[in-house]
Amino acid sequence: MAAILARGAVPIVFGGDDAVPIPVVRAYEERGPIVVVQIDQHLDFTDEVDGVREGYSSPMRRLSEMPWVERIVQIGLHGTGSGRVADVEAAQAAGNLLIAERQVHEEGVETVLDRMPEGASYFITLDFDGLDPAICPAVSHPEPGGLSFAEAVGLLRGLATKGTVVGMDLVEFVPEHDL
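Residues numbered from 1 in each chain as written. Predicted model: local features only at pLDDT ≥ 70, side-chain atom pairs only at ≥ 80, totals over all residues. Heavy atoms only, no water.

## Topic: the overall build of the protein
So the rule is basically this: Counting from the N terminus, the helices are the DSSP runs of H or I reaching at least four residues and the strands are the DSSP runs of E reaching at least two. In this treatment the radius of gyration is a C-alpha quantity, and the globule benchmark scales as 2.2 Å times the residue count to the 0.38 power. Type-normalised accessible area, obtained with a 1.4 Å probe on protein chains alone, sets the label of each residue: buried when under 20%, exposed when over 50%, and partly exposed for intermediate values.
Of regular secondary structure, the protein possesses seven helices and six strands. Start at the N end of the protein and walk to the C end: the helices and strands fall as α-β-α-β-α-β-α-β-α-α-β-α-β. Its C-alpha atoms give the protein a radius of gyration of 15 Å, within 12% of the compact-globule value 16 Å for 179 residues. Sorting the 179 residues of the protein into buried and exposed places 50% on the buried side.

Written out as structure tokens, the structure is:
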């Protein structure tokens, strides 16, 4: 990642599980501040799972600890087990902006984009289970709901207009689950 960034490229990382954003965003240490925008059904703010602190279910907590990450905006939250009460409280205490899937549907993409900082450097992490399984069924934990294709594209276009997209990852795609 450091070599890719040093060449001036905008990395798009495809594949892997929820742990991928941790090492990817670490490479931005000298390129901050950045705003991380997560599209996901889950909060991913657990401190550790079975002693593992840099893995599944913990990437947003680890990113919140990186000084060059100015803000984390989590969009599309709707999954059961998306976070224990203590995890939600910790995410809010860290300054994360939590936007539920229902808010995107009811308030619209423009309202969500209005809450994004103008002129920021955005790193986008898109967990495919944040999308409606009607358009993206090949995920590890498909659950009803999620952002529509139009909403997701609207968010991506809006972020590119509002600031600079400095990188992106797309994770949790499971081809064996594809219909």
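## Observations regarding the environment of D132
Convention followed: We define a polar contact as two N or O atoms separated by no more than 3.5 Å, with the added condition that, inside protein, one atom must be a possible hydrogen donor and the other a possible acceptor, whereas residues neighbouring each other in sequence contribute only through side-chain atom pairs.
Relative to the helices and strands, D132 resides in the loop between β5 (121-127) and α7 (149-162). Using a relative accessible area of 26% as the deciding quantity, one classes D132 as partly exposed. For the pair D132 and E101, spaced 31 residues apart in sequence, the C-alpha separation works out to 10.0 Å. Polar contacts involving the side chain of D132 include one to the main-chain amide nitrogen of A134, which spans 2.8 Å.

## A look at the packing of aromatic side chains
Note the cut-off: Ring pairs are drawn from Phe, Tyr and Trp, using the six-membered ring of Trp, whenever the two centres fall within 6.5 Å, and their geometry is named by plane angle: stacked under 30 degrees, edge-to-face over 60, tilted for the rest.
Applying the stated criterion across every chain, the model contains four aromatic pairs. Seen from their ring centres, F14 and F173 are 6.1 Å apart, and the 45° between their planes marks the pair as tilted. Residue F14 is located in strand β1 (residues 12-14), and its partner F173 is located in the segment after β6 (164-171); the two are separated by 159 residues in the primary sequence. The class of F14 is exposed, set by a relative accessible area of 56%. Taking the relative accessible area as the measure of exposure, F173 reaches 32% and is therefore partly exposed. Three or more aromatic residues joined by ring pairs make a cluster, and in this case those are F14, F128 and F173.

## Looking at the nonpolar core
The line we're drawing: Take the buried Ala, Val, Leu, Ile, Met, Phe, Trp, Tyr and Cys residues and link them wherever side-chain atoms come within 4.5 Å; each set so joined is a nonpolar core. We call two residues contacting when some pair of their heavy atoms lies within 4.5 Å.
Of all hydrophobic cores here, the largest spans 26 residues; its most connected members are I75, M116 and L155. Those elements that provide at least two residues to this core are β2 (34-39), β3 (69-77), β4 (97-100), α6 (109-114), β5, α7 and β6. Dropping the residues within four chain positions of it, M116 is found in contact with V37, V73, I75, Y122, L159 and K162. With 23 residues, the next largest nonpolar core counts L5, I34, L43 and L63 among its residues.

## Re the sheet that holds β4
For the record, the criterion: Only strands joined by at least two bridges in the DSSP assignment are considered to pair. Axis lines are fitted to C-alpha atoms, over the contacting stretch for helices. Their N-to-C directions set the angle, which ranges from 0 to 180 degrees.
Spatially, the six strands line up as an open sheet ordered β1-β6-β5-β2-β3-β4, and their pairing is parallel. Each edge of the sheet is formed by a strand with only one pairing partner; in this case those strands are β1 and β4. Direction aside, the axes of adjacent strands within the sheet are offset by 15° on average. Sheet topology note: the β1/β6 ladder contains three bridges and is parallel. Residue pairing across strands places I12 opposite M168, the latter belonging to β6. Against the sheet, α7 makes contact with β2, β3, β5 and β6, and its axis sits at roughly 165° relative to β5, the strand it touches most.

## Quick notes on the pattern of salt bridges
Stated formally: Salt bridges are defined by distance alone: a side-chain nitrogen of Lys or Arg within 4 Å of a carboxyl oxygen of Asp or Glu.
The tally for this structure, following the rule as stated, stands at eight salt bridges. The closest approach of N and O atoms between E54 and R26, which form a salt bridge, is 2.5 Å. Taken together, the positions of E54 in the loop between β2 and α3 (59-64) and R26 in helix α2 (residues 21-26) put the pair 28 residues apart, joining distant regions of the chain. When the shortest N-O distance is used, the salt bridge between D47 and R62 registers 2.7 Å. Residue D47 is located in the loop between β2 and α3, and its partner R62 is located in helix α3; the two are separated by 15 residues in the primary sequence. A relative accessible area of 4% means that R62 is categorised as buried. Through salt bridges with shared partners, one network takes in D47, R53, R62 and E65.

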